[in-house]
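Commentary on secondary and tertiary structure
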Amino acid sequence: GVDAPFWGVWIGGFKNVDGAEEMVADAQSAGLPAMIFETTDWSNLNSEKWYVVTAGQYGTEKEANNKLNEVKKYYPDAYVKYSGNHINN
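What this report covers is the structure whose coordinates are included nearby. On a predicted model such as this, the values are computed, not experimentally measured, just so you know. (Residues numbered from 1 in each chain as written. Predicted model: local features only at pLDDT ≥ 70, side-chain atom pairs only at ≥ 80, totals over all residues. Heavy atoms only, no water.)

With respect to the nonpolar core
Counting residues in hydrophobic clusters, the biggest one holds 19 residues, and the most contacted among them are V9, I11, V53, V71, Y75 and A78. Those residues in contact with Y75 that lie beyond four places of it in its chain are I11, M23, D26, A27 and L32. W10, F37, L45 and V52 belong to the second-largest nonpolar core, a separate cluster that totals six residues. (Core = buried A, V, L, I, M, F, W, Y, C linked by side-chain atoms within 4.5 Å. Buried < 20%, exposed > 50% of the residue type's maximum accessible area, 1.4 Å probe, protein only. Contact = heavy atoms within 4.5 Å.)

What about a negative patch on the surface?
On the surface, a cluster of negative charge is contributed by D18, E21, E22 and D26. Its location among the elements puts E21 in helix α1 (residues 17-29). Judged by relative accessible area, E21 falls into the partly exposed class, the value being 44%. (Patch = residues over 30% accessible without salt bridge, like charges linked within 9 Å, V, L, I, M, F, W, Y side chains within 5 Å. Areas by Shrake-Rupley, 256 points an atom, 1.4 Å probe, with all protein chains shown as cover. Salt bridge = Lys/Arg side-chain N within 4 Å of Asp/Glu carboxyl O. Lys, Arg positive; Asp, Glu negative; His and termini not counted. Charge placed at Lys NZ, Arg CZ, Asp CG, Glu CD. Helix = DSSP H or I, 4+ residues; strand = E, 2+ residues; numbered from the N terminus.)

Right under this line is the structure:
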């Protein structure tokens, strides 16, 4: 489900949701499965609130790493990181 822990291919972080929404639109137009998360909703992400963009949710680190090279064609600074558990704030 949406609240399940996952591996992300992270491409950006923003203090303002508008910047994150723009990045999602750009990434989706490049064919990437981009989506926004709030870092404070996940145990392994920043405890300070950021809007972060991932090119997909993956069940394993290997799956995320397999996608990383494709994502880096558009976002050279992309990296793989585990979300940790969803926090019910």
